[in-house]
Amino acid sequence: MSNSTRTPTSTLDSHEQSRVTARRAGFFRDLGSVALRALRLVSRDSEAVLPALIIPIFFLLVNIGALQSFVEENLPPGFDFKGFQIPVSVVFAVTGISRAGSLVLDVQDGYLDRLLLTPVSRSTLLMGLMVADFVVVILMTIPVIILGALIGVSFATGFAGQLVFILIAATWGLAFTGFPYAIALRTGNPVAVNNAFLLFFPFAFLTTAFIPQEQMTGWLSTVADYNPTTYLLAGMRSLILTGWDGTALFQAALAIVLVGAVSFTLAFAALRGRVKHR
Amino acid sequence: MTLAIHATDLVRVFGDNAAVNGVSLSIPRGEIYGFLGPNGAGKSTAVRMLTTLLNPTSGTAFVAGHDIQNDTENVRLRIGVALQDAALDPKQTGREILDMQGRLYGLNKTERHTRVKELLTLVNIDDAIDNRISTYSGGMKRRLDLAAALVHQPQVLFLDEPTTGLDPVSRSTVWDEVRYLNRELGMTIFLTTQYLEEADALADRVGIIAKGRIVAEGTPTELKRSIGSDVIAVRISSSDGERARQCLGNIAGVDAVEVNGEQLIVSAANGAAVVSPVAVALSENDIAVAELTLRTPTLDDVFLHTTGARMQADEVPA
């Protein structure tokens, strides 16, 4: 139909096209596609992942070096400060690990618009990233456990306990990702996303990160009572220090669910706001 | 006549500003429709509404027979879109981008493999397809973006300023691709552009948009004929504009005189017959002429005629 004045190139003249029909891929295929892309990009984004692993290991070694003697001298004989610190190191490593920075870049590069122009299930645009986060968190937990073994930390619950430990760490990491995603989708601003780790400060430091709760006094002890990280750490420590403790594990799971409920509500509300074609 | 795009009184307001202010379109299947206007005219906002990225404030539109507000999924399955800025992830390779598109449109592995192979030939980026997008030139990004829009063989293709910022060779390639897709595959193409030459060369019909409204619509030939067969373009001092209009308006054979700064546009059915009287009249009125040319009308003349202003970007970039 075009009032063409040019001669098409020979490449185009010789080009033949097969016929395909676009169709909904379905929720799980969409989820897999988004997660696969996110995981592929993790391997190309090592500058964002490696520091998140190195810094907690650094703190683990420093904390043990600086505090082990002091804490163990003030606690009953047999207290294992190294085992006490391993969950802290893991939680520091995995909390806030997310592809939120990558999501902001997708917003800025317009690639999110390209995805929104397809019939992809909108929720999978976020859930696919979270699947990738879950895998990354598992991969980040394993080196810390290995490091723990190298410095003499063993699990009272054995290998099964190590698997549960990794699962708790991964679900906690997943539960917390909602916060940076909510910030990414609300603001589309990489600086705001980079500062999202500040949210973790009260979770990380107003708790039993460095000394047992029975050694804490005053307002800090009270705050720690209401901090879900306290119960998360207690559950993870129980796997290393005391053996299977149903109450501690249940409370850890509850803490994860509560944090996840809040963060996911915020994240998916932000996603709805971003894709509702304002 | 089956319509690929049918819009009625589309309006989109941002704050106090109506970016699109009552646009109606009837575009039959298989047509290349050029949506021509300067920056800020409302072209991209219209595209974002028609492609389901943005809800209209009011009005209705159907694309490939489906409502853009209430049947978005069916619209998305039938359209391909290359937005103004190539929407690509710089950390992925070209092949990964195309494969991802194929996955999201439900194509199986064999279909995706076949389509990627076909598209590589179409957009001519074979060599670089396994390189990351961050290494691509602007032209390559545009061509890959076009390929991504074509993976699922859409019925309607939206191209939002597809050649803005491209060098002449890349521009020519995109034009060839657009013609090919329309001619060989029967694809309806909605093309926005701020380049008159592009609309003139590619579009079956052109809609000229200014300040959110379509001010003229028709084939390029019809639009140009609407302001007369010939144009005498005269460059004078801007302070002489009003006097020039008065002295030329009464010359027999002159259909219209329009002034835009230093540009004086005289429309006439027979330009050759009035060029001499025009020159004489200007001289007799002591109006200095810097330049005088006789030519056939361009779409820029149509734009000037309908809006009273010239397009800002009146040339395809070199």
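What you are looking at is a predicted structure, and each value in this text was computed from that prediction instead of being measured. For every chain, the first residue of the written sequence is number 1, and numbering continues from 1 along that sequence. Numbering of ligands from 1 and lettering of chains from A proceed in the order in which they are written. In keeping with the model being predicted, local features are shown solely for residues with a pLDDT of at least 70 and side-chain atom pairs are shown and tallied solely at 80 or more, while totals for entire chains, interfaces and linings include all residues.

**Quick notes on the overall build of chain A**
Filter applied, for reference: Put simply, DSSP marks the helices as runs of H or I at least four residues long and the strands as runs of E at least two long, and each gets a number from the N terminus on. Here a residue counts as buried when 20 or more other C-beta atoms fall within 10 Å of its C-beta, as exposed when 12 or fewer do, and as partly exposed in between; the C-beta atoms come from the backbone. By definition, residue pairs are in contact when their C-beta atoms, positioned from the backbone, come within 7 Å.
Of regular secondary structure, chain A possesses 13 helices and zero strands. Its C-alpha atoms put chain A at 90 × 40 × 30 Å along the principal axes. Out of the 278 residues belonging to chain A, those deemed buried represent 41%. When contacts within chain A are restricted to residue pairs at least 6 apart in sequence, those whose partners lie at least 24 apart make up 78%.

**Some remarks on the overall build of chain B**
On a plain count of helices and strands, chain B comes out with eleven helices and 14 strands. The principal-axis extent of the C-alpha atoms belonging to chain B is close to 75 × 45 × 35 Å. The buried share among the 318 residues of chain B stands at 53%. Contacts in chain B between residues far apart in sequence, at least 24 positions, make up 69% of those at least 6 positions apart.

**Let's talk about the sheet that holds strand β2 (residues 17–28) of chain B**
All names here are of chain B. Spelled out, the test is: Strands are labelled as partners when DSSP assigns at least two bridges between them. Only the stretch in contact is used when fitting a helix axis, every axis being a line fitted to C-alpha atoms; angles between N-to-C directions are given from 0 to 180 degrees.
Strand order across the open sheet formed by four strands is β2-β1-β4-β5, with antiparallel pairing between neighbours. Each having just a single partner strand, β2 and β5 (66–67) make up the two edges of the open sheet. Relative to β5, strand β4 (residues 58–63) runs antiparallel, the two being bridged by two bridges. Bridging across to β5, Phe62 finds its partner in Asp67. Lying over the sheet, helix α1 (residues 43–50) contacts β1 (3–14), β2 and β4, oriented at roughly 120° with respect to β1.

**Overview of the confidence of the model for chain B**
Residues and elements named next belong to chain B. Put simply, the test is: The predictor attaches a confidence to each residue, and that confidence, scored 0 to 100, is pLDDT.
Per-chain confidence: chain B averages 88 in pLDDT, with 97% of residues scoring 70 or above. Contacts for the low-pLDDT stretch residues 313–318, under 50 throughout, to residues beyond four places or in other chains number ten contacts. Under the prediction, the complex receives an ipTM of 0.81, its pTM being 0.82.

**A short note on the interface of chain B and chain A**
As a reminder of what qualifies: Asp, Glu, Lys and Arg are counted as charged, while Ala, Val, Leu, Ile, Met, Phe, Trp, Tyr, Cys and Pro are counted as nonpolar; the rest, among them Gly, fall into the polar class.
Contact with chain B, which involves 47 residues of that partner, is made by 37 residues of chain A. Elements with a minimum of two residues in the side of chain B that touches chain A: α2 (72–78), α3 (94–104), α4 (109–123), α6 (168–185) and α7 (196–202) of chain B. With eight residues, the top contributor of residues to the side of chain B that touches chain A is α6 of chain B. When its residues are assigned to classes, the side of chain B that touches chain A shows 20 nonpolar, twelve polar and 15 charged.

**Considering the sheet that holds strand β13 (residues 263–268) of chain B**
Residues and elements named next belong to chain B. The sheet built from four strands is open, its strands ordered β12-β13-β11-β14 with antiparallel pairing. Pairing within the sheet leaves two strands with one partner each, and these edge strands are β12 (254–260) and β14 (289–295). Strand-to-strand, the axes of this sheet are offset by a mean angle of 15°, without reference to chain direction. Relative to β13, β12 is paired through six bridges, and the arrangement is antiparallel. By the bridge assignment, Asn260 is partnered in β13 with Gln263. Together, β11 (230–236), β12 and β13 form the strand contacts of helix α9 (residues 241–249), whose direction differs from that of β12 by roughly 180°.

**A closer look at the nonpolar core**
What counts, and what does not: By definition, a nonpolar core groups buried Ala, Val, Leu, Ile, Met, Phe, Trp, Tyr and Cys residues that are joined through C-beta atoms within 7 Å. Residue ranges for the domains originate in an automatic or database domain assignment.
With 174 residues, the main nonpolar core has Leu50, Leu191 and Val266 of chain B as its most contacted residues. If you tally residues by element for this core, the top one is helix α8 (residues 158–187) of chain A, at 15 residues. Looking at which domains feed residues into this core, each of domain 1 (3–218) and domain 2 (228–296) of chain B supplies at least three. Once residues lying within four places of it in the same chain are set aside, the contact partners of Leu50 of chain B are Ile5, Ala7, Ala61, Val63, Ile68 and Phe158 of chain B.

**Comments concerning the packing of α3 of chain B against α4 of chain B**
Residues and elements named next belong to chain B. The condition that has to hold: Working definition: roughly parallel below 35 degrees, roughly antiparallel above 145 degrees, roughly perpendicular at 65 to 115 degrees, and oblique for all remaining angles. Crossing handedness is defined as follows: a turn of the near helix away from the far one that is anticlockwise and smaller than a right angle gives a left-handed crossing, while the clockwise case is right-handed.
Where α3 contacts α4, the two axes come as close as 10 Å, and the packing angle between them is 135°. Viewed along their axes, α3 and α4 adopt a mutual orientation that is oblique. Seen along the crossing, α3 lies across α4 with a hand that is right-handed. Here Arg95, Leu98, Asp99, Gly102 and Arg103 of α3 come into contact with α4, specifically with Glu111, Arg112, Arg115, Val116 and Leu119.

**Re the pairing of β2 of chain B**
Residues and elements named next belong to chain B. In terms of strand pairing, β1 meets β2 through nine bridges, oriented antiparallel. Bridge assignment links Ile5 to a residue of β2, and that residue is Ile27. From the end of β1 to the start of β2, which pair antiparallel, there are two residues, and Gly15 there has a positive phi angle of about 65°.

**A closer look at helix α13 (residues 246–275) of chain A**
All names here are of chain A. Our working definition: Take the number of residues in a helix, subtract one, and multiply by 1.5 Å to get its expected span.
Between its first and last C-alpha atoms α13 spans 42 Å; for 30 residues at 1.5 Å apiece the expected length is 44 Å, and the two agree. Among all positions in α13, only Ala252, Ala255, Ile256, Val259, Ser263, Phe264, Ala267, Leu271 and Arg274 are buried. The secondary structure elements touched by the buried residues of α13 are α7 (124–150), α8 and α12 (228–241).

**What to know about the domain arrangement of chain B**
By the assigned domains, chain B splits into domain 1 (3–218) and domain 2 (228–296). On a C-alpha basis, the centroid separation for the pair domain 1 of chain B and domain 2 of chain B is 40 Å.

**Some points on unusual backbone geometry**
For residues other than glycine, phi is negative in most cases, and the peptide bonds are mostly trans. Residues and elements named next belong to chain B. Located in the positive-phi region is Asp9, a residue other than glycine, with phi close to 50°. Structurally, Asp9 can be placed in strand β1. Phi at Ala64 takes a positive value of approximately 50°, unusual for a residue other than glycine. Judged by the 20 C-beta atoms lying within 10 Å of it, Ala64 falls in the buried class.

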